[in-house]
Amino acid sequence: MTVRIGLGGIWQETNTFAVEPTTLADFRRYQFFEGPELVASLRGTGTELGGAIDAARQRSAYPVGLFFGAALPSGMVRARAFESMLRRLAALTRARLPLDGLVLSLHGAMVVDGHPDPEAEIVTTLRAVVGDIPIAATLDYHANVGATLPEVTDILVGYRTYPHVDMAERGAEAMEAVLRLLRPPWRGRRPARHLERLPLLTVPPAQEDVAEPMRSILAAAERIRAEPGVWAASALPGFAYAESGRLGFAVYLAAETHAVARARELAAHVWRERDAFSAPLAGPAEAVAEVAGARGRRPTVLVDVADNVGGGSPGDGTALLHALAQAGVAGAIAVIWDPAAVAAAHAGSADRIDLWVGGHSDPAMGPPFRASGPVRRFDSVSYLRTGSYMRGQRVEMGRVAVIETPIGAIVLTENRVVPFDDDHLRAVGLEPRGARVIVAKGAIAWKAAFAGYAARTLYVRTPGYCPAALDQLDYRSRPAPLYPLERDPAWESAVAARLTSGNRP
Ligand SMILES: [Zn+2]
């Protein structure tokens, strides 16, 4: 008899410092699938549910599309948006019963007005619908995991890469765990799970997977995963800009024995390395001066760290445009989210244009930059990702205007665009390999697009909602103490340890 595994989720990394709230329209605009359309749209893609669908098919299980909604990172999610999606997910789950298991794609750093732990709430809501069947969920590397989620799920599988290029593999792993829990001797049981939370905040530029200290932490997790009886071992650095009671680094273990000891061993490794999470940045003028004085190989990637679109910053910061202009550097490519400037550019038909761009979302992102030069206009640009990040996913850029200014090409977009692929530049006729400078509005994830051919990288201190210096943020309700905001919290006593039994209640 073919087993039926339901697939769904609600997915967002929320930046609670971002001004614009995340609405239902933001989910509809990015990823929004229900029923059979979910399976048809995501199969074969490099996404969590895509990997889960393909794994189910390979093992003769039937993937049942429920509901999946994802939004680009932005401000606090409106309660109404979350509630309506959760109602839809629960209703579609009820309509597709009987189900033998669930695989959910959850980010883990969503923050919803009035819902203190939305990911745990998704699972408990669905648990009430499906009853005693295995539920697995995938989590982003930037998940801020609370104590409830490990209890209410059978297994959690966190990404192990940053840039995140292992989503499909983790989705497949979650599916395999659910199928294994349906067979003897596991039917009706589950491994012990343990979550170890550390009073530690780290920033994205210090979390790269191939750089220390994460390289050795991920290697330690890998060694634990290779031990007999271990189902999952995740080191999740978390997302410092999603303020909630769940803020901080977490270590998760699912194992048949010694889950607590193994989790604490991995957490102790993280804690020993707490001073190694540093991110040295250059000022904009200093970074651009280095580009101006450099010869030879290109491109140089100027990393606009705080205006990280994939971390919830708007993507209209102009600091690097001004610095490039002041230094007289040409040959750059920069993407700026500016729907009003796109509309103004499309309102006329002149070959050349002259208008203010960027810096409109918040005075902190400005001042606007004067962009003058030949313009090319594009109506509703849409492309498929072909790189290592979410391969096969369709992205809508909206209308676009490309202005060839003295500093280089400024790409104005109607929708916010994340630099996780270089397809978005080729979609508007630009070749990033030949550029002298690429302005990347991100911390590490842009490497999935440009690292293969970037000759040099400079991390720049810019304005935005993802600053590398955490003391620039006005936290209001975070847990305390948290290192490094408080100098020496005691992890041994501060941790809320959780051990859950081997049997599903
Ligand atoms: Zn992430």
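Residues numbered from 1 in each chain as written. Predicted model: local features only at pLDDT ≥ 70, side-chain atom pairs only at ≥ 80, totals over all residues. Heavy atoms only, no water.

Draft legend 1. Main features of the coordination of the zinc ion. Only Asp-140 (OD), His-142 (ND1) and His-164 (NE2) from the protein reach the zinc ion as donors, at distances of 2.1 Å. Counting gaps between the donor residues of the zinc ion yields the pattern D-x1-H-x21-H. Of the two residues, His-142 is situated in the loop between strand S5 (135–139) and helix H6 (148–152) and His-164 in the loop between strand S6 (155–158) and helix H7 (167–181); the sequence distance between them amounts to 22 residues. (Donors = N, O, S within 2.8 Å, 3.2 Å for Na, K, Ca; no water. Helix = DSSP H or I, 4+ residues; strand = E, 2+ residues; numbered from the N terminus.)

Draft legend 2. Highlighting the packing of helix H4 (residues 79–95) against helix H5 (residues 118–130). It is at 10 Å that the axes of H4 and H5 come closest, and there the two elements cross at 25 degrees. For the element pair H4 / H5, the angle class is roughly parallel. In this structure, H4 crosses over H5, and the sense of that crossing is right-handed. Touching Phe-82, Leu-86, Leu-89, Ala-90, Thr-93 and Arg-94 of H4 are Pro-118, Glu-121, Ile-122, Thr-125, Leu-126, Val-129 and Val-130, all from H5. Of the residues assigned to the contact of H4 with H5, the class counts are 9 nonpolar, 2 polar and 2 charged. (Axes fitted to C-alpha atoms, helices over the stretch in contact; angles between N-to-C directions. Parallel < 35°, antiparallel > 145°, perpendicular 65-115°, else oblique. Left-handed = near helix turned anticlockwise from the far one by under 90°. Contact = heavy atoms within 4.5 Å. Nonpolar A, V, L, I, M, F, W, Y, C, P; charged D, E, K, R; others polar.)

Draft legend 3. View of the domain arrangement of the protein. With domains assigned, the protein is organised as domain 1 (4–277 + 494–499) and domain 2 (284–460). Each of domain 1 and domain 2 has a C-alpha centre, and the two are 31 Å apart. Counting residues at the interface gives 25 residues for domain 1, matched by 23 residues for domain 2. Summed over both sides, the interface of domain 1 with domain 2 buries roughly 1,900 Å², with 59% coming from carbon and sulfur. Across the domain 1-domain 2 interface, the total number found is 1 salt bridge. Of the charged contacts in the structure, one is a salt bridge between Glu-208 and Lys-447, with a shortest N-O distance of 3.0 Å. Our enumeration of links across domain 1 and domain 2 arrives at 6 residue pairs in polar contact (both at pLDDT 80 or more). In terms of residue class, the side of domain 1 that touches domain 2 is made up of 13 nonpolar, 8 polar and 4 charged. (Domains from an automatic or database assignment. Buried area = accessible area lost by both parts, 1.4 Å probe. Salt bridge = Lys/Arg side-chain N within 4 Å of Asp/Glu carboxyl O. Polar contact = N/O pair within 3.5 Å; in protein donor to acceptor, adjacent residues only side chain to side chain.)

Draft legend 4. A look at the sheet that holds strand S2 (residues 31–34). Here we have 6 strands laid out as an open sheet, ordered S2-S3-S1-S4-S5-S6, and mixed in their pairing. Two strands bound the open sheet, and with one partner strand each, they are S2 and S6. The mean inter-strand angle of the sheet, taken between neighbouring strand axes irrespective of direction, is 20 degrees. The strands that H5 touches are strand S1 (4–11), strand S4 (101–105) and S5; relative to S4, the one it contacts most, it runs at about 160 degrees. (Pairing = 2+ DSSP bridges.)

Draft legend 5. Molecular detail of the UniProt feature "domain: Microcystin LR degradation protein MlrC C-terminal" (unreviewed entry) in the protein. The sites that UniProt annotates as "domain: Microcystin LR degradation protein MlrC C-terminal" (unreviewed entry) are residues 302–476. The distance separating the terminal C-alpha atoms of residues 302–476 is 32 Å; by composition the span is 15% helix and 33% strand. (UniProt positions renumbered as here; feature names shortened; annotations may be inferred.)

Draft legend 6. Expanded view of the pairing of S1. Among the 8 residues that make up S1, 7 are buried, leaving the element largely enclosed by the rest of the structure. Inspection of the sheet shows S1 paired to strand S3 (residues 62–70) by 7 bridges, in the parallel sense. What sits directly across from Arg-4, in S3, is Tyr-62. Here 4 bridges tie S1 to S4, and the two strands are oriented parallel to one another. Bridging across to S4, Leu-7 finds its partner in Val-103. (Buried < 20%, exposed > 50% of the residue type's maximum accessible area, 1.4 Å probe, protein only.)

Draft legend 7. Representation of the pairing of S6 in the model. Taking every second residue as pointing to the same face, both faces of S6 are buried, with Ile-155 and Val-157 on one and Leu-156 and Gly-158 on the other. Relative to S6, S5 runs parallel, the two being bridged by 4 bridges. Its bridge partner being in S6, Thr-138 is matched across the sheet by Val-157.

Draft legend 8. Structural view of the sheet that holds strand S15 (residues 408–413). As summarised here, the arrangement of the 8 strands in space is S12-S13-S14-S15-S11-S16-S10-S17, forming an open sheet in which the pairing is mixed. Strands at the two margins of the open sheet, each flanked by one partner only, are strand S12 (352–357) and strand S17 (456–460). Direction aside, the axes of adjacent strands within the sheet are offset by 35 degrees on average. Summarising the sheet, strand S14 (residues 394–405) and S15 pair through 6 bridges and their orientation is antiparallel. Bridge pairing in S15 places Ala-401 opposite Leu-412. Helix H10 (residues 284–293) contacts strand S10 (300–304), strand S16 (437–440) and S17 of the sheet and is inclined by roughly 165 degrees relative to S17. Those strands touched by helix H12 (residues 339–347) are strand S11 (332–337), S12, strand S13 (369–384), S14 and S15, and its axis lies near 65 degrees from that of S14.

Draft legend 9. Structural detail: the pattern of salt bridges. Applying the stated rule across the entire model yields 27 salt bridges. Between Arg-376 and Glu-404 there is a salt bridge, with its nearest N and O atoms 3.6 Å apart. Taken together, the residues span a long stretch of sequence, with Arg-376 in strand S13 and Glu-404 in strand S14 at a distance of 28 residues. With relative accessibility at 33%, the residue Glu-404 sits in the partly exposed group. The salt bridge partner of Asp-421 is Arg-385, with a shortest N-O separation of 2.7 Å. One end of the pair, Asp-421, is in the loop between S15 and helix H13 (423–426); the other, Arg-385, is in the loop between S13 and S14, with 36 residues separating them in the sequence. What makes Asp-421 buried here is its relative accessible area of 2%.

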